[in-house]
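# Results of the structural survey
The chain contents come next:
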Amino acid sequence: MRHLRALCAIADTGSLRKAARQLGMTQPSLTTQLRRIENTVGGRLFSREVTGSRPTPLGRSVLCRARPIVAEMNALVSEVRLEAGQTADARLRIGSTGSRAVVGWLRRLRARYPDADTTIHIDVSANALLQMVAANQLDVAFVHEVEGAPLRVPEGVERRVLAEREPQFVALAETHPAAARPVVRLAELAADQWMVDPSVDGEGPGLRRVLAAAGLNPRVVYGDYLTAADLVASGEVVTPCQPTARSRQGVAVRPLHGDPLTVRLFLASRALPSARTGADGSAPGTAVRTGGTESAPDHAARTGPIDPSLDTAARTGPVEPARDPVSGAPLDVDALFGDLADAYFEIAWASVAYRQWLVRNESPLLRLQEPPTRDELDILGLAGPAEVS
């Protein structure tokens, strides 16, 4: 377990120095321990780069097995402490696929639960996070679902939809001819090489589907989004990206005409045993938008049966609802969802291109917030005639 925890710490922090500090040991000791682990498994688990330590393909494979084991051991210790009458630490465990909204979400959650140990688990695989929610390894998870590539939602997991359709923009070199325009058409990128991360669920198939629908067949290569910026800036590849993505030196982020690439954003949690309707009273089988809930059976009714060979968490018996880290009562997921919506809107509104998109498309997300003022619309160039308020 000590070795597995060390591997998880290195992966989570991206640095041997930071991981050593987190584990309460010196960096040379952790480096020696990592060498012993790699000698045992017979291969390198991390590569040392300028940006830090990144898992190798073998390392990612080991981490996929190690994380659930570490989480189960932590849960076992907590349960034993409770049964023994000891006071367990108040914990709130959240997960997320990559999003700039996570920082603001964490800040709000720590203000809501100042006495709780709030932890974050980041994983590019939304399906893996959903399994961890179902297996009581996470309390909630903020994930995205690529349009046309539905996720495998385990039994007993419900969803609160934050954005039914978040557009995906494109990252391309600032020197690319299309970067001179505010909106890019897919046809302008027909001769470019696209790059996607194969570990992001649905990303590759979703992109290929959209390109095929547009009658395009460019080369699609696989890589890691964390290291894509240099390739994009050099003009080697173009990549899909979140609309909240920051432009980096040499890289331009632009909307795609017609929004051909979209994802659904939602917060997943374990459902209360008696919950048979959505948060707004909707009946099972109804997909609820922007803040409503949808249970796994409802999801399966729309997307087909869940593959039992992939849905291990759903077959381990009834799932227990998440608990408030302080009171022990059922977790107020609606409050966590509200904090997430505020954090997401904060990041979305900070992106000029994305807030233009939100206003032009009258996004339901705007209904969760104060409407933009006339001055804000003027700044965006969206105010139009004088009667717009």
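For the structure itself, look to the data block above.
Attention in this report is confined to the structure presented alongside it. (Residues numbered from 1 in each chain as written. Predicted model: local features only at pLDDT ≥ 70, side-chain atom pairs only at ≥ 80, totals over all residues. Heavy atoms only, no water.)

### As for helix α2 (residues 16–23)
For α2, the complete set of buried residues consists of L16, A19 and A20. One face of α2 carries all of its buried residues, which in axial projection span an arc of 100°. The exposed residues of α2 that point more than 90 degrees off its buried face are R21 and Q22. On the buried face of α2, the contacting elements are α1 (2–13), α3 (27–41), β1 (46–49) and β2 (52–55). In this structure S15 caps α2, since a side-chain oxygen of it lies 3.2 Å from the backbone nitrogen of R17. At the C-terminal side of α2, G24 shows a positive phi close to 75°. (Buried < 20%, exposed > 50% of the residue type's maximum accessible area, 1.4 Å probe, protein only. Helix = DSSP H or I, 4+ residues; strand = E, 2+ residues; numbered from the N terminus. Arc of directions from axis to C-beta. Contact = heavy atoms within 4.5 Å. Polar contact = N/O pair within 3.5 Å; in protein donor to acceptor, adjacent residues only side chain to side chain.)

### Quick look at the nonpolar core
W105, V140, L162, L267 and L331 are the most contacted members of the largest nonpolar core, which has 45 residues in total. If you tally residues by element for this core, the top one is helix α10 (residues 333–350), at ten residues. Within the second largest apolar cluster, 18 residues are counted, among which are W194, V220, A252 and L261. (Core = buried A, V, L, I, M, F, W, Y, C linked by side-chain atoms within 4.5 Å.)

### Focus: the pattern of salt bridges
Per the stated rule, a full pass over the model turns up 13 salt bridges. Taken together, the shared-partner salt bridges in this structure form one network comprising E145, R159, E164 and R264. (Salt bridge = Lys/Arg side-chain N within 4 Å of Asp/Glu carboxyl O.)

### Here's the deal with the packing of aromatic side chains
Under the defined criterion, the tally for this structure stands at five aromatic pairs. Centroid distance F345 to W349: 5.5 Å. Interplanar angle 15°. Geometry classified as stacked. Here F345 and its partner W349 are both found in helix α10, four residues apart, which amounts to about one turn of the helix. With respect to class, F345 is no different from W349; both count as buried. Centroid distance Y354 to W357: 6.0 Å. Interplanar angle 35°. Geometry classified as tilted. Remark: W357 and Y354 occur in helix α11 (residues 352–360); sequence separation between them is three residues, near one turn of the helix. The exposure class assigned to Y354 is buried, which follows from its relative accessible area of 1%. Residue class for W357 comes out buried when judged on its relative accessible area of 12%. Positioned above the aromatic ring of F266 is the side chain of R159, whose terminal nitrogen or guanidinium carbon lies 4.5 Å from the ring centre. (Phe/Tyr/Trp six-rings, centres within 6.5 Å; stacked < 30°, edge-to-face > 60°. Lys NZ or Arg CZ within 6 Å of the ring centre and 35° of its normal.)

### A word on empty space enclosed by the protein
Following the criterion strictly, the structure yields two cavities of 30 Å³ or more and no others. A volume near 90 Å³ is recorded for the second largest cavity. When contributions to the lining of the second largest cavity are tallied by element, the ones reaching two or more residues are α7 (203–213) and β12 (262–270). The dominant element in the lining of the second largest cavity, judged by the number of residues it contributes, is α7, at five residues. (1 Å grid on protein atoms, 1.4 Å probe; cavity = no way out; pocket = protein on both sides within 12 Å on 5 of 7 lines; lining within 4 Å. Points joined across faces, edges and corners; volume = space filled by probe spheres on them.)

### Section: α7
An α-helical turn contains 3.6 residues, so a residue and the one three or four places further along point in the same direction. Within α7, the full set of buried residues consists of E203, G204, G206, L207, V210 and L211. Within α7, the buried residues cover an arc of 165° as seen down the axis, which keeps them to one side. Those residues of α7 that are exposed and aimed more than 90 degrees away from the buried face are P205, A212 and A213. In this structure, the buried side of α7 is in contact with β5 (140–146), β8 (194–196), β9 (220–222) and β10 (239–241). A positive phi of about 75° marks G215, the residue just after α7.

### A few points about the sheet that holds strand β7 (residues 169–173)
The strand order across the open sheet formed by three strands is β10-β7-β11, and the pairing between neighbours is antiparallel. Two strands in the sheet have a free side with no partner beyond their single neighbour: β10 and β11 (251–254). For this sheet, the mean inter-axis angle between neighbouring strands, taken without regard to orientation, is 35°. Bridging between β7 and β10 involves three bridges; their strand directions are antiparallel. Counted as the bridge partner of F169 is C241 from β10. (Pairing = 2+ DSSP bridges. Axes fitted to C-alpha atoms, helices over the stretch in contact; angles between N-to-C directions.)

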